[in-house]
Amino acid sequence: VVGGAIDSITAELKNHGADTVYSVSGAAFENYNVFNYGSAVEQAIKAFSPTVVLGMATPMGRDVFPRLAARHDAGIATDLIELKASGDTLVGLKPMYSGKAYAEVTFQNSKIQFATLRPNVFKADASDGAASVTKLEVAAADSKLKTIEIRKDKSEKVDLTEASIIISGGRSWVRLMRLRSWWKPLMFSALLSVLLVLLSMLATLPMKCKLDKLVRQ
């Protein structure tokens with residue numbers, strides 16, 4: 001966990017299955033900076049020596065993880081929606097062409113396997129909260145890039161990444177709505193015309209019967 005004040009976040013992560021939560025905090029990490037955050041995750045990798053490093057397929061994850069994979073001369077699989085292990089190797093499912101096709105990706109000859117997953121593709125199961133928190137000391141990166149301020153747009157729209165169910169209607173739905181807007185008056189007019197014809201037929205029926213009786217006489 002990297003950030004300014006992150007005690008509440010680390011305490012929450014202790015309840016979701018981790019054995020150890022590594023944290024890096026300080027004024028230099030208050031605002032996102034790819035070099036500072038990359039150095040923080042790099043320090044956690046050195047402390048834990050993992051064979052698999054997972055992250056989120058967010059703008060931040062897409063910025064940091066390729067750099068880390070390049071530093072370690074390792075493979076990286078991005079934007080996955082499924083992940084499984086085949087022996088010691090990860091196998092992931094990656095959407096392509098706006099979800100019209102899916103590719104199964106894996107790793108070869110990679111000491112560390114980096115992967116990013118789309119948010120909320122896995123459920124965060126609760127645990128007993130017995131994880132320990134290890135604070136790492138990381139100095140701010142010596143770079144010319146410095147983040148002064150981050151401004152976020154205010155939006156009243158629902159965050160679809162946090163929705164459990166999404167119902168979407170495309171252009172065909174819009175056409176249907178437009179069709180219904182003029183189809184209802186047209187149907188009403190047609191039914192009214194049929195009704196008037198039936199009423200006129202019923203009105204002339206007694207006269208027709210009288211004429212038939214006169215002809216027979």
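Because the structure is a prediction, the values reported are computed rather than measured.

Caption draft 1: Focus on the nonpolar core. One finds Val24, Phe29, Val53, Val64, Ile112 and Phe114 to be the most contacted residues of the largest nonpolar core, which totals 18 residues. Every element with two or more residues in this core is listed here: helix 2 (34-48) and helix 3 (59-71). Take this core: its biggest share by element is 5 residues, from helix 2. Non-local contacts of phenylalanine 29, meaning those with residues more than four positions away in its chain, are made with Val2, Gly3, Gly4, Val24, Asn36, Tyr37, Ala40, Val138 and Ala139. Counting residues in each nonpolar core, the second largest holds 6 residues, with Ala77, Leu90, Phe107 and Ala115 among its members.

Caption draft 2: Structural view of the layout of surface pockets. Put simply, the largest pocket is a space of about 2100 Å³. If you go around the largest pocket, you meet 44 residues; those closest to its centre are Val1, Leu13, Leu54, Gly55 and Met56. Of all the secondary-structure elements, those providing two or more residues to the lining of the largest pocket are helix 1 (7-13), strand 2 (20-25), helix 2, strand 3 (52-56) and helix 3. No other element matches the 6 residues that helix 2 contributes to the lining of the largest pocket.

Rules used in this analysis
- Residues numbered from 1 in each chain as written.
- Predicted model: local features only at pLDDT ≥ 70, side-chain atom pairs only at ≥ 80, totals over all residues.
- Heavy atoms only, no water.
- Core = buried A, V, L, I, M, F, W, Y, C linked by side-chain atoms within 4.5 Å.
- Buried < 20%, exposed > 50% of the residue type's maximum accessible area, 1.4 Å probe, protein only.
- Helix = DSSP H or I, 4+ residues; strand = E, 2+ residues; numbered from the N terminus.
- Contact = heavy atoms within 4.5 Å.
- 1 Å grid on protein atoms, 1.4 Å probe; cavity = no way out; pocket = protein on both sides within 12 Å on 5 of 7 lines; lining within 4 Å.
- Points joined across faces, edges and corners; volume = space filled by probe spheres on them.

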